[in-house]
Amino acid sequence: LRGVLGSANLRYRPPGYSLSLETATVDAVEFEQLVGAARAAAAAGDHARAVADLDAALALWRGDALAEFADDEFAAAEAVRLTELRTTALEERAEALLDLGRAADALPELEALVRRHPSRERPAVALMRALYAMGRQADALAAYHQLRTRLDEELGVRPAAPAGALYQRILVHDPALAAPQGAAPQEAAPQEAAPRGNLP
């Protein structure tokens, strides 16, 4: 272990050994830092930077979180937390692409998210936005009805206010829903990520 990690990182402390690592060398920590940077960029209106940071964050993933410990109770809560953060990062990336006027780039990931999480409202709302921005009003309205049916049948509830409000705006062709004018068409170049194991 010392040959791989370095003697400074692996130290003997009775009754055993301790591993000391800089937080920047732990991919789970790096992932969360990049997501935080992306959120700050989006809040400042720099959606291209947000997409680039989220691309770099998501590139750190290889399979499921803590897959080697899927049957171990100690890892269960952290695996769930990381998986939820990854899903949220995918949603935020799609929304940033929409804010850049890149609905066509956001659409495949949103369709995949809605398939994986059919009762999750955030990707469904973003999917409605993407479809409408691409001139597919009927499909955007159908996406809302599918969400409403799923929530009603599975949970006995109606979609929350954001979904309903967007549905009404699509019905009346709200001009504010048009794709941003002058949005950069090129994709933000993702940062290269070193090959890693399952996160973290």
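In the block above lies the structure referred to throughout.
Residues numbered from 1 in each chain as written. Predicted model: local features only at pLDDT ≥ 70, side-chain atom pairs only at ≥ 80, totals over all residues. Heavy atoms only, no water.

Asker: Quick one: what's the story with the pairing of strand E1 (residues 10–13), residue by residue and with numbers?
Answerer: Of the strand pairs in this sheet, E1 and strand E2 (residues 16–19) are connected by 4 bridges, and their pairing is antiparallel. Paired with Leu 10 across the bridge in E2 is Leu 19. In textbook terms, the turn of a hairpin is the stretch between consecutive antiparallel strands, and for E1 and E2 this stretch comprises 2 residues. (Pairing = 2+ DSSP bridges. Helix = DSSP H or I, 4+ residues; strand = E, 2+ residues; numbered from the N terminus.)

Asker: Can you explain the nonpolar core? Please cite residues and give values.
Answerer: Nonpolar side chains in soluble globular proteins generally cluster together in the buried interior. With 49 residues, the main nonpolar core has Phe 31, Val 35, Leu 98, Leu 110, Leu 127, Met 128 and Ile 170 as its most contacted residues. Counting residues per element, the ones that place at least two in this core are helix H2 (27–43), helix H3 (47–58), helix H4 (73–99), helix H5 (103–116), helix H6 (121–133), helix H7 (137–155) and helix H8 (161–171). (Core = buried A, V, L, I, M, F, W, Y, C linked by side-chain atoms within 4.5 Å. Buried < 20%, exposed > 50% of the residue type's maximum accessible area, 1.4 Å probe, protein only.)

Asker: Quick rundown of a nonpolar patch on the surface? Include the residues and the values.
Answerer: Among the surface-exposed residues, Leu 1, Val 4, Leu 5, Leu 19 and Leu 21 lie close enough to one another that they form a single nonpolar patch of about 520 Å² accessible area. Along the polypeptide, Leu 5 turns up in helix H1 (residues 2–5). (Patch = residues over 30% accessible without salt bridge, like charges linked within 9 Å, V, L, I, M, F, W, Y side chains within 5 Å. Areas by Shrake-Rupley, 256 points an atom, 1.4 Å probe, with all protein chains shown as cover. Salt bridge = Lys/Arg side-chain N within 4 Å of Asp/Glu carboxyl O.)

Asker: Could you give an account of the pattern of salt bridges, with specific residues and numbers?
Answerer: Using the criterion set out here, one finds 15 salt bridges in the structure. Here Asp 105 ties to Arg 102 by a salt bridge, and the two come within 2.8 Å at their closest N and O atoms. Asp 105 sits in the partly exposed class, given a relative accessible area of 29%. Linking Asp 174 and Arg 169 is a salt bridge whose minimum nitrogen-to-oxygen distance equals 2.8 Å. Judged by its relative accessible area of 32%, Arg 169 falls in the partly exposed class.

Asker: I'd love a proper account of empty space enclosed by the protein, names of residues and values included.
Answerer: Under the defined criterion, the tally for this structure stands at 1 cavity of 30 Å³ or more. As a volume, the largest cavity reaches approximately 40 Å³. As for the largest cavity, its lining consists of Val 114, Ala 124, Leu 127, Ala 143, Gln 146 and Arg 150. Contributing elements (two or more residues each) for the lining of the largest cavity: H6 and H7. The residue makeup of the lining of the largest cavity, split by class, is 4 nonpolar, 1 polar and 1 charged. (1 Å grid on protein atoms, 1.4 Å probe; cavity = no way out; pocket = protein on both sides within 12 Å on 5 of 7 lines; lining within 4 Å. Points joined across faces, edges and corners; volume = space filled by probe spheres on them. Nonpolar A, V, L, I, M, F, W, Y, C, P; charged D, E, K, R; others polar.)

Asker: Tell me about H8, and name the residues and values.
Answerer: Among all positions of H8, only Ala 163, Gly 164, Leu 166, Tyr 167 and Ile 170 are buried. Seen from one end, H8 has its buried residues packed into an arc of 160°, which puts them on one side. Residues of H8 that are exposed and point over 90 degrees away from its buried face: Ala 161 and Pro 162. Buried positions along H8 lie against H6 and H7. (Arc of directions from axis to C-beta. Contact = heavy atoms within 4.5 Å.)

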